[in-house]
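Spelled out, the chains give:
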Amino acid sequence: MNCLECNKELGYQDHRNSMETLGLELCTAHQKRMHKLIELNDTPIEAIQLYYGLKNAGVNAMLEWWDGKKSVDIAISRVKLNIEIDTKYHMMTHEQAINDLEEAMHSFKNGFTTIRIPHVLIKHYLKETVNNILGIMEGLKANIKVI
Ligand SMILES: [Zn+2]
């Protein structure tokens, strides 16, 4: 059991705390960093889990990337892909829906594609979610080449 970020070996207590609060294997220092990120940006735990899922698949992503207007949960800048994790999927109001659409419009204008992923998907289908994102990245890469 080693830290996913720095590869430091984890003690029993460290491992237990980390799995209980984040569902990921992180050392004390990196747990602290993630809790700070959550506190500052209201980052969903699933965004952090997806970030490490992508990292494990060799994808260089950024957590809580500031796009000039708002903080994006995960950004993969190489293919201009933004990923937002929806945590209130079942309670979406029309105000939220129009806000999401407007955000998507702004992203597209800047050449970014935004996808929204319900948090439950990461909980139950992390591997499949990562595979689909890899496919989306390939598609975006192909489009960039055409331009
Ligand atoms: Zn660490």
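Above this note sits the structure.
Values in this document were obtained by computation on a predicted structure and should not be read as measured data. (Residues numbered from 1 in each chain as written. Predicted model: local features only at pLDDT ≥ 70, side-chain atom pairs only at ≥ 80, totals over all residues.)

### Some words on the overall build of the protein
Move 1: Looking only at helices and strands, one finds 6 helices and 4 strands in the protein.
Move 2: Moving toward the C terminus, one meets the helices and strands of the protein in the order α-α-α-β-β-β-α-β-α-α.
Move 3: At 16 Å, the protein has a C-alpha radius of gyration in line with the 15 Å of a compact globule built from 147 residues.
Move 4: The C-alpha extent of the protein, read off along each of the three principal axes, is 50 × 35 × 30 Å.
Move 5: Here the protein, with 147 residues, has 22% of them falling under the buried criterion.
Move 6: A fraction of 48% describes how many contacts in the protein between residues 6 or more apart in sequence connect residues 24 or more apart. (Helix = DSSP H or I, 4+ residues; strand = E, 2+ residues; numbered from the N terminus. Rg over C-alpha atoms; globule rule 2.2 N^0.38 Å. Buried ≥ 20, exposed ≤ 12 C-beta atoms within 10 Å, placed from the backbone. Contact = placed C-beta atoms within 7 Å.)

### Thoughts on the nonpolar core
Move 1: Of all hydrophobic cores here, the largest spans 22 residues; its most connected members are Ala47, Leu50, Tyr51, Ala61 and Ile74.
Move 2: Only α3 (45-56), β2 (71-76) and β3 (81-86) provide two or more residues apiece to this core.
Move 3: The greatest single-element share of this core, amounting to 6 residues, is contributed by α3.
Move 4: Per-domain counts for this core show at least three residues from each of domain 1 (1-41) and domain 2 (43-146). (Core = buried A, V, L, I, M, F, W, Y, C linked by C-beta atoms within 7 Å. Domains from an automatic or database assignment.)

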